[in-house]
Amino acid sequence: MNGPFVTIDGNEAAARIAHACSEIVAIYPITPASPMGELADGWSQAGRVNLWGDVPEVIEMQSEGGAAGALHGALQAGALGSTFTASQGLLLMIPNLYKIAGELTPTVIHVAARSIATHALSIFGDHSDVMACRQTGAALLASGSVQEAQDLALIAHAATLRTRVPFLHFFDGFRTSHEVAKIAVVDEATIGEMIDDDLVAAHRDRGLNPNRPVLRGTAQNPDVFFQAREACNPFHDAVPAAVQGEMDRFAELTGRQYRLFDYWGAPDAEHVVILMGSGVGTTREAVEAEVAAGAKVGVLAVRLYRPFSAAALVSALPESVRRIAVLDRTKEPGSVGEPLYTDVVAALAEHLGADAPEVVGGRFGLSSKEYTPAMALAVLDNLATPAPRNHFTVGIVDDVGLTSLEVDPDRWHEPDDVVRAVFYGLGSDGTVGANKNSVKIIGDLTDRYAQGYFVYDSKKSGSTTVSHLRTAPAPIESAYLVEEASFVACHQFGFLDRVDVLAVAGHRATFLLNSPYGPEEVWDRLPRQVQQQIIDKGLDLRVIDAAAVARDAGLGGRVNTVLQTCFFLLAGVLEPEAAIAAIKRAIEASYAKRGQVVLQRNFAAVDAAVANVHRVEVPNEASSAIELREPVPAEAPDFVQRVTSLMLAGHGDRLPVSALPVDGTFPTGTARWEKRAIATEIPVWDPDICIDCGRCALICPHAAIRMKVFDAASAVGAPAGFKYKDWKSDGDASEVMTIQVAPDDCTGCGVCVSICPAKSKEDVSHKSIDMMPVGDHVDEERRNWDFFSALPEADR
């Protein structure tokens, strides 16, 4: 690796190359590729120029098909163009992609590879979208890390000009596109060296021009179409050598050497795993550990998947290999085998005939399903059996087709020189943003490498986010979640009774808890199971009331700055003084435009955090009367008990194949059992001020506040805290009215308070609906909600 270094995510790594090498960028946003288009648009708006000193024109179309059409048109005019997409968006580009490839027009489409919607929509990553494009004639180049997303993006832009074949440069959606890592940056001079201006001029000369008219895009009859289709073969045949040539030229400029197929492992390996994308780094870790223990194993990374060079594949494999496992990150129902597997089998059969090694295939990582070194070891173990299983799966429990390999999670432990941290937060609470800043601080201010990966729920804002951070003295190839954290932070106290936040904590890890309860009382507020985990793992428990610190500093509910400071104080990555100075510089970079008041509030929060984080003395035994809540109540239907409850508890990975509907059809009404309980404050009703307008119930975006009119006799047996008032109407005088919140459905947004017009005459700050700390009211309001739900609805 050479410098200078930057800390960015995979999307930015690819987009900065595309922007520098393009004149036209046609975009349409689709997760997880959207940031590439957003970045390119922002750079052009700010006047950033490309290699030739021009500001690329970024055009946002009304669909992905429109973006591909605009790109196609620009290319035919002789412009240099690019776009970004994923999943169904890429499928909508296929018609244009066939034309672009058939007309031998150079371009690069950067793809954050993502699942195609089949039985269900998934926004997460695998290779099913790019595999749908493998017969279009485009070259497919795979990156497996943030560093490669930058480097191979440049190689793709250079190679497409040299070969005239369009390139799909792809990397795993979310796993690589959203991973933040410290990489060696390619500077403008290197980009300029890689892009041959003579080839750019040749592309321009081929552009449609009224001064040099030609006919392109004709219709052809059977007499010539076949021959014309074969005429392009020399161009595709030349791609592998041309790409390797660009890789070699890149190595001369940067010192980073890539090959069409890269091998790591024992030189005399007998068992080899072949795959592409982010799974390569994970498999490489497992292989290198096995080789160090004397095993004869290896891993082969596929970089250029199309055109597939059988000769390069065979030459990259050790001559000693006897068995090969090919892993595909896609599923092709009804096929003989998945795409990469069938290509490897065909290539080896053609080149080695009867001497070809035995090949088995398997599927892994669909829709960002976790793939760990322990799973890679299971794949290697399968190869070592007398009769290796073919067409297997790894990472799931398949009790229907019996395809799954058994995985022993205890086979793998992360290296001790890697600092590993996991943070639990809520979508939009600032946790992810703060952790991205932390990765950049470590990467930019120390000689250590840093990596950040962020697990999002598809519900996005208001759902749980889990941030996984690593820092180490060497480059980090670990493309899997932290499993043995040395630091765990829980930014929402309410998570403790429903999320197993300490499952990832390693022995003697530090546990930072954002708690409204101080160091003297917090222990008794923890569920008994959490207490036992703290004792069993010997955790160093620290608490801070980050909400109070943020409020006192004038930051409202934004606790991210406070908790980020605590991380640097406790994790030992930087010296405390240097860490605080770095955090303040990051704050200045983020908030300078908002004025000095905002800056000073954040600075005050940093200083206050130092004084308000406390160690908790941990007793020798668990003593709490609080138990973890069941994910769903006992009266929930059977499907909810068997399936939905595990998903809600964060254990959906444990569900076997047999538990899930074969066609994606779920019963309705299951959302009522999902009680997320994410609010830190909930609305509390004062009937003495209420004017019966019902605006709070009408405005609530989650229908978590309800209004009912009912007969007063129905209130007999109500819980002690259940409130109601006389109902003003011309009807039955015995009718009463209540406003009730569902405390576990409320998100704490406060919209109900904002719209409430009823204020106390004695204290105008007190309304009929006020937000109150959830811990002081949640138990009472749960009882009230249960009673409220059983009240009869008004007869309409």
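See the structure shown above.
Counting restarts for each chain, with residues numbered from 1 along the sequence as it is written. For this predicted model, a pLDDT threshold of at least 70 governs which residues receive local features, and a threshold of 80 or more governs which side-chain atom pairs are given and counted, while totals over whole chains, interfaces and linings are taken from all residues. Heavy atoms from the whole structure form the basis of all side-chain values; hydrogens and water molecules are not counted.

Draft legend 1. Seen up close, the environment of Leu75. Residue placement: Leu75 occurs in helix α3 (residues 64–76). Taking the C-alpha atoms as reference points, Leu75 and Thr107, separated by 32 residues in sequence, lie 7.6 Å from one another. Any two residues whose heavy atoms approach within 4.5 Å at even a single point are treated as in contact. Setting aside residues no more than four positions away along its own chain, Leu75 makes contact with Gly81, Ile100, Thr105, Pro106, Thr107 and His203. Helix and strand assignments come from DSSP, with helices taken as H or I runs of at least 4 residues and strands as E runs of at least 2, each series counted from the N terminus.

Draft legend 2. Geometry of the sheet that holds strand β12 (residues 304–306). Any two strands with at least two DSSP bridges between them are considered paired. Read across the open sheet, the seven strands follow the order β3-β2-β4-β5-β7-β6-β12; overall the sheet is mixed. Because the sheet does not close on itself, it has two edges, and the strands there are β3 (57–60) and β12. The mean inter-strand angle of the sheet, taken between neighbouring strand axes irrespective of direction, is 20 degrees. Two elements, strand β6 (residues 139–142) and β12, share two bridges in a ladder whose sense is antiparallel. Looking at β12, one finds that Leu141 is bridged to Leu304. Here, axes are lines fitted to C-alpha atoms. For helices the fit covers the stretch in contact, and angles between N-to-C directions go from 0 to 180 degrees. Sheet contacts for α3: β2 (24–27), β4 (81–85) and β5 (108–113); angle to β4, the most-contacted strand, approximately 165 degrees.

Draft legend 3. Focus on the pairing of strand β14 (residues 358–364). Here β14 lies mainly inside the structure; six of its seven residues are buried. Taken together, the six bridges between strand β13 (residues 323–328) and β14 define a ladder with parallel strand orientation. Across the sheet, residue Arg323 finds its bridge partner in β14, namely Glu358. Note on handedness: a clockwise path from strand one over the helix to strand two, with the strands aimed away from the viewer, defines a right-handed crossover. As a crossover connection, the stretch from β13 through helix α14 (residues 339–352) into β14 is right-handed. Note: β14 against strand β15 (residues 392–394), three bridges, orientation parallel. Each residue is assigned to one of three classes by its accessible area relative to the maximum for its type, calculated with a 1.4 Å probe on protein chains only: buried under 20%, partly exposed between the two thresholds, exposed over 50%.

Draft legend 4. Quick look at unusual backbone geometry. The residue after Thr31, namely Pro32, is reached through a cis peptide bond having omega 0 degrees. When you line up the elements, Pro32 lands in the loop between β2 and α2 (34–45). Arg306 connects to Pro307 through a cis peptide bond whose omega is -10 degrees. Position of Pro307 relative to the elements: it lies in the loop between β12 and α13 (310–316). Notably, Leu402 is not glycine yet its phi reads approximately 55 degrees, a positive angle.

Draft legend 5. Broad picture of the packing of aromatic side chains. Each aromatic pair joins two rings of Phe, Tyr and Trp (for Trp, the six-membered one) with centres within 6.5 Å, and gets the label stacked for planes under 30 degrees apart, edge-to-face for over 60, and tilted for any other angle. According to the stated counting rule, one finds 18 aromatic pairs in the structure shown. An angle of 25 degrees between the planes, with centres 5.4 Å apart, marks the rings of Trp785 and Phe788 as stacked. Here the residue Trp785 and the residue Phe788 both occupy positions in helix α25 (residues 774–790), the gap between them amounting to three residues, near one helical turn. The exposure classification of Trp785 matches that of Phe788, with both residues buried. Put simply, the rings of Phe423, Phe487, Phe567 and Phe568 pair up and form one aromatic cluster. In our convention, an over-ring charge means Lys NZ or Arg CZ found within 6 Å of a ring centre and within 35 degrees of that ring's normal. In this structure, Arg48 packs its charged tip against the face of Trp43, placed 4.2 Å from the ring centre. Against the face of Tyr305 rests Arg306, its NZ or CZ located 4.5 Å from the ring centre.

Draft legend 6. Expanded view of the pattern of salt bridges. We define a salt bridge as a contact between a side-chain nitrogen of Lys or Arg and a carboxyl oxygen of Asp or Glu at a distance within 4 Å. Within this structure, the stated rule accounts for 33 salt bridges. Across the salt bridge formed by Arg411 and Glu290, the nearest N and O atoms sit 4.0 Å from each other. Of this pair, Arg411 sits in the loop between β15 and β16 (419–426) while Glu290 sits in helix α12 (residues 279–292); the two residues are 121 residues apart in sequence, bridging distant segments of the chain. In this structure, a network of salt bridges that share partners links the residues Glu148, Arg259, Asp262 and Arg303.

Draft legend 7. Helix α21 (residues 596–612), seen in detail. Expected span of a helix: the number of residues minus one, times 1.5 Å. Helix length check: α21 (17 residues) gives 24 Å between terminal C-alpha atoms against 24 Å at 1.5 Å per residue, within 8%. Residues of α21 that are buried: Leu599, Asn602, Phe603, Ala605, Val606 and Ala609. Axial view of α21: buried residues confined to an arc of 150 degrees, hence all on one face. The exposed residues of α21 that point more than 90 degrees off its buried face are Gln596, Val597 and Ala611. Arc definition: it is the arc formed by the directions from the helix axis to the C-beta atoms.

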